[in-house]
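Observations on the three-dimensional arrangement
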Number of protein chains: 2
Amino acid sequence: MPSPSHHPVVALERAALARWCTGDPGGFLELSAEDVVYFDPVVPTRVDGRPALAAYYAPITGKIFASEWRMIDPAVTEIGEAAVLTFRFVSSNGDGPRMRWNCTEVYRRTGDGWKIAATHWSFTGDED
Amino acid sequence: MPSPSHHPVVALERAALARWCTGDPGGFLELSAEDVVYFDPVVPTRVDGRPALAAYYAPITGKIFASEWRMIDPAVTEIGEAAVLTFRFVSSNGDGPRMRWNCTEVYRRTGDGWKIAATHWSFTGDED
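A brief look at the structure comes next.

The next point concerns the overall build of chain A. Helix and strand counts for chain A stand at three helices and six strands. Each helix (α) and strand (β) of chain A, taken in turn from the N terminus, gives the series α-α-β-β-α-β-β-β-β. By the compact-globule yardstick of 14 Å for 128 residues, chain A fits well, its C-alpha radius of gyration being 14 Å. Here the C-alpha coordinates of chain A stretch approximately 40 × 30 × 25 Å along the principal axes. Scored against the burial criterion, the 128 residues of chain A give a buried share of 52%. Relative to all contacts within chain A whose residues are 6 or more apart in sequence, the contacts with residues 24 or more apart total 47%. A total of about 5800 Å² of accessible surface is found on chain A, and carbon and sulfur atoms cover 56% of it.

As structure tokens, then:
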């Protein structure tokens, strides 16, 4: 088993994040499976399926930017054809507030490479 | 494949939630794998491993109660020996505020039954 930080899903996630932070959600859409399920701290329900995720992302395309971002302490738990990636994420844009996130990504190994079957983004608890 | 609402992990989760809502985190501890990874909206880092989760839960044992709770729209994605359960959760205690949660639980099938390999709790976004 590869070490967590060298697991292939970490590089896939970093590449999608790099695109996300330049306003481009396409990296995550391309990685997401047709049956992806998705939670984030803004949308009031689970988003079910890639078409619904694409519709959700469409109006924010080109609107989210982070000039600095960092993936913190990625860990991967392999369960057969699944790889569960968990990490924290810190992002900021110039003088804007620093955003702190928790993320869980469940990847599924397919003939077409690793695809995201479940995404969960949320805000990290305060340090105090 | 069983329908999502009848997948065995849904009943396991409901039973652990019922105990949780009477102040008893033991149901989740018993379900959690030794290598569980855990996020919630309060703790400032990922909690790694069942011993750390037990230490985190210890001081809140007997302190969290919800007289009413409801699991909303549970879905299960099976990936080989993994079952990814996602749902929303609403809880309240008498006249207290209604809490609204998103949850992702990654279960792993083992010789000892289904065990939780990854937990992610967060607050649901506002409806507005």
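Having put the structure on the table, let's press on.
What holds strands together in a sheet is hydrogen bonding between their backbones, with the strands either parallel or antiparallel. Residue and element names in this part refer to chain B. Pairing is mixed across the open sheet formed by six strands, whose spatial order is β2-β1-β6-β5-β4-β3. Two strands close off the open sheet at either side, each with one partner strand: β2 (47-48) and β3 (68-79). Taken together, the ten bridges between strand β4 (residues 82-92) and strand β5 (residues 99-110) define a ladder with antiparallel strand orientation. Looking at β5, one finds that Val 90 is bridged to Arg 100. On top of the sheet, helix α1 (residues 8-20) reaches β3, β4, β5 and β6 (113-123); it is set at about 150 degrees to β3, its chief contact.

Time to look at the environment of A:Gly96. Residue and element names in this part refer to chain A. Considering the arrangement of structural elements, one finds Gly 96 in the loop between β4 (82-92) and β5 (99-110). Gly 96 sits in the partly exposed class, given a relative accessible area of 31%. Placed 30 residues apart in sequence, Gly 96 and Ala 66 show a C-alpha to C-alpha distance of 9.2 Å.

Our next topic: the interface of chain B and chain A. Contacts between the two partners involve 37 residues from chain B, matched on the other side by 37 residues from chain A. Surface buried jointly by chain B and chain A totals about 2600 Å² across both partners, of which 58% is contributed by carbon and sulfur atoms. Counting the surface chain B buries against chain A, the share from its top three residues, B:Pro44, B:Arg46 and B:Ile79, is 22%. Here chain B is connected to chain A by two salt bridges.

Residues and elements named next belong to chain A. Inspection of every chain in the model, using the stated rule, returns 20 aromatic pairs over all chains. Aromatic side chains Trp 101 and Trp 121 sit 5.8 Å apart centroid to centroid with 85 degrees between the ring planes, which places their arrangement in the edge-to-face category. Remark: Trp 121 occurs in strand β6 (residues 113-123) and Trp 101 occurs in strand β5; sequence separation between them is 20 residues. When its relative accessible area of 10% is taken as the criterion, Trp 121 is described as buried.

All names here are of chain A. Examined against the element boundaries, Thr 22 turns out to sit in the loop between α1 (8-20) and α2 (26-31). The exposed category is assigned to Thr 22, whose relative accessible area is 52%. In this structure the C-alpha to C-alpha distance between Thr 22 and Ala 66, which are 44 residues apart in sequence, comes to 6.7 Å. Leaving out residues up to four positions away in the same chain, Thr 22 has contacts with Ile 64 and Phe 65. Side-chain polar atoms of Thr 22 contact the backbone oxygen of Arg 19, separated by 2.8 Å.

Rules behind the numbers
- Residues numbered from 1 in each chain as written.
- Chains lettered and ligands numbered in written order.
- Predicted model: local features only at pLDDT ≥ 70, side-chain atom pairs only at ≥ 80, totals over all residues.
- Heavy atoms only, no water.
- Helix = DSSP H or I, 4+ residues; strand = E, 2+ residues; numbered from the N terminus.
- Rg over C-alpha atoms; globule rule 2.2 N^0.38 Å.
- Buried < 20%, exposed > 50% of the residue type's maximum accessible area, 1.4 Å probe, protein only.
- Contact = heavy atoms within 4.5 Å.
- Areas by Shrake-Rupley, 256 points an atom, 1.4 Å probe, with all protein chains shown as cover.
- Pairing = 2+ DSSP bridges.
- Axes fitted to C-alpha atoms, helices over the stretch in contact; angles between N-to-C directions.
- Buried area = accessible area lost by both parts, 1.4 Å probe.
- Salt bridge = Lys/Arg side-chain N within 4 Å of Asp/Glu carboxyl O.
- Phe/Tyr/Trp six-rings, centres within 6.5 Å; stacked < 30°, edge-to-face > 60°.
- Polar contact = N/O pair within 3.5 Å; in protein donor to acceptor, adjacent residues only side chain to side chain.

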